[in-house]
Amino acid sequence: DRRTRLRQEHSPAPDVTLERRFAYPPKDRHPPPVPFQQPSTLLTFSYTPERVLEYTDSALRYYVEPPPRADLKYGYDRWIKRPEERGRLDGLLQAVAKYRSKIDGAGGDGAAWLREIAVVSWRGVITKILTAPYEDHDGWALNVMLVDGTLYFEEHLTETKLQEKEDMTPHHRLQSYYGYSFESYCTSSTPQRKVEDNVSMTIPLGWGGDVDTNVQWCAVVKTKLGNQRLVIGGEVDCVRGGTKSLVELKTSVIIRNPQDETRFEKKLLKFYFQSFLLGVPEIIVGFRTLQGQVSTIQPFKTIEIPRLVRGKPNAWDPTICLDWGDRFLAFLKRSITAQTESLESEGVWRVVFSPGSGVTLSRLDAPGVEEVKAGEDRVGFLPSQYFQDITA
Ligand code: A3P
Ligand code: MG
Ligand code: MG
């Protein structure tokens, strides 16, 4: 069957002629804008403190005004930190499978629906792809599979890179904690802040509870880039108002000089696409001191961000990113389809992005074998059950 064939296909050494290169677009062009459809939510789910995925909104949080001068260091020693892990798609695929059967249950054709989806990915990966034209430092790598017309992406993290992330310097670790701590001050599990969050003598005013990064509320959305349908999953920090409008929370060091301002405007590119891709209309930034005290809060409307940076030094233009993304996806599908036809099987592909130049695509032999944990049953990086379901 296809599975055996897939495994056999990976035994031979990689054929270097399969490597394809796709160069960066020059950034001084003005490509015609590629339309991006307003994302709509297919479903939401929560990860519990035990890291169990459940189809509830138990992890949903409401935005509440943070207290003035919140101390972001508070609770650092009690941070329950989720271990670094590979960018597996398992949770998202579970949700996709659930949505498929929902369509079937409603008398539709879930398999046909999925076949029309060009890409299934976590939001972080699509953000990396779209912002690549402006990325000068950090390279990245993806594992890619094309199954029944749908591309699946996972971030490829080497054992070394995972270990690096796990062994973050104490300084970097604390910086990373500030972001989660800010989330605690800004959110509540009820639409209004609970009174007890404001009365304790030992806990700072407005502290929303100790940080546990296992807990996440996620949305799975569908959208369209050009004529390619995308299904994207990602964490949403909180909601606000009667309509439960989605909110992204961010922290950033206060802006003291023009260099800081330029650095912040560069960061806005990532803030922008991260939120834009899930249809999150608002980003609330807590500006903090170097010592971790919040000084001011500034809300941004996601769609207005590109206008804020236009014409500035180091400006970025989202149309460049969408145009590159559209052509990148088409390139992947075209190259992988061509190779798959001659090889008569799916495989796992590796995309490597090098800042300043572009991406290369190559086919892996024995893909990811070293990355599959004992006891896991996978075809490539997809859970076998999911693979069987969609290829049945
Ligand atoms: P900030 O966004 O305030 O920096 P997110 O903003 O995506 O909701 O992520 C929440 C927090 O997780 C971030 O807060 C940051 O502290 C931490 N974080 C996210 N990505 C990170 C990374 N690559 N390395 C270290 N910390 C990260
Ligand atoms: Mg978040
Ligand atoms: Mg956030």
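The structure we're discussing is the one just above.
All values derive from a computational prediction rather than experimental measurement.

> Which parts of the structure should I look at to understand the coordination of the magnesium ion (ligand 3)?
Geometry sets the ideal angles at a metal, namely 109.5 degrees for four tetrahedral donors and 90 or 180 degrees for six octahedral donors. Taken together, the protein ligands of the magnesium ion (ligand 3) are Asp237 (OD), Glu248 (OE) and Leu249 (O), with distances of 2.0 to 2.2 Å. Each donor residue of the magnesium ion (ligand 3) belongs to the same chain, with the gaps between them written as D-x10-E-L. A separation of 3.5 Å is found between the magnesium ion (ligand 3) and the magnesium ion (ligand 2), which are bridged by Asp237. Linking Asp237 in the loop between β10 (228-235) and β11 (238-240) with Leu249 in strand β12 (residues 245-253), this pair joins segments that are 12 residues apart in sequence.

> Sorry if this is basic, but what is going on with the pairing of strand β16 (residues 358-363) here?
Residues in a regular strand project their side chains so that they alternate between the two faces of the sheet. The buried count for β16 comes to 5 of 6 residues, which makes it a mostly enclosed element. As paired elements, strand β15 (residues 349-354) and β16 share 6 bridges and run antiparallel to each other. Following the sheet pairing, Ser354 is matched in β16 by Gly358. Between β15 and β16, which pair antiparallel in sequence order, lie 3 residues; one of them, Gly356, sits at a positive phi of approximately 85 degrees.

> Can you help me understand the environment of Met145 in this one?
Note on placement: Met145 falls in strand β6 (residues 140-147). For Met145, a relative accessible area of 0% corresponds to the buried category.

> Looking at this model, I keep getting lost on the site of ligand 1. Mind explaining?
Around ligand 1, the structure places His172, Ser176, Gly179, Tyr180, Glu183, Asp237, Glu248, Leu249, Lys250, Thr251 and Gln274. Note that an oxygen atom of ligand 1 is positioned 3.2 Å from one of the side-chain N or O atoms of Asp237. Note that an oxygen atom of ligand 1 is positioned 2.6 Å from one of the backbone N or O atoms of Thr251. In isolation ligand 1 has 530 Å² of accessible area, and contact with the protein removes 67% of it. Elements with a minimum of two residues in the shell around ligand 1: α6 (170-186) and β12. Sort the elements by how many residues they give to the shell around ligand 1 and α6 lands first, with 5 residues.

> Sorry if this is basic, but what is going on with the pattern of salt bridges here?
Enumeration according to the criterion identifies 20 salt bridges in this entry. Note that Arg88 is salt-bridged to Glu154, the shortest N-O span being 2.9 Å. With a gap of 66 residues between them, Arg88 in the loop between β4 (62-63) and α2 (90-105) and Glu154 in strand β7 (residues 150-155) connect regions that are remote in the sequence. Classification of Arg88 by relative accessible area gives buried; the value is 14%. On the accessibility criterion, Glu154 (1% relative accessible area) is buried.

What counts, and at which threshold
- Residues numbered from 1 in each chain as written.
- Chains lettered and ligands numbered in written order.
- Predicted model: local features only at pLDDT ≥ 70, side-chain atom pairs only at ≥ 80, totals over all residues.
- Heavy atoms only, no water.
- Donors = N, O, S within 2.8 Å, 3.2 Å for Na, K, Ca; no water.
- Helix = DSSP H or I, 4+ residues; strand = E, 2+ residues; numbered from the N terminus.
- Buried < 20%, exposed > 50% of the residue type's maximum accessible area, 1.4 Å probe, protein only.
- Pairing = 2+ DSSP bridges.
- Near = heavy atom within 4 Å.
- Polar contact = N/O pair within 3.5 Å; in protein donor to acceptor, adjacent residues only side chain to side chain.
- Areas by Shrake-Rupley, 256 points an atom, 1.4 Å probe, with all protein chains shown as cover.
- Salt bridge = Lys/Arg side-chain N within 4 Å of Asp/Glu carboxyl O.

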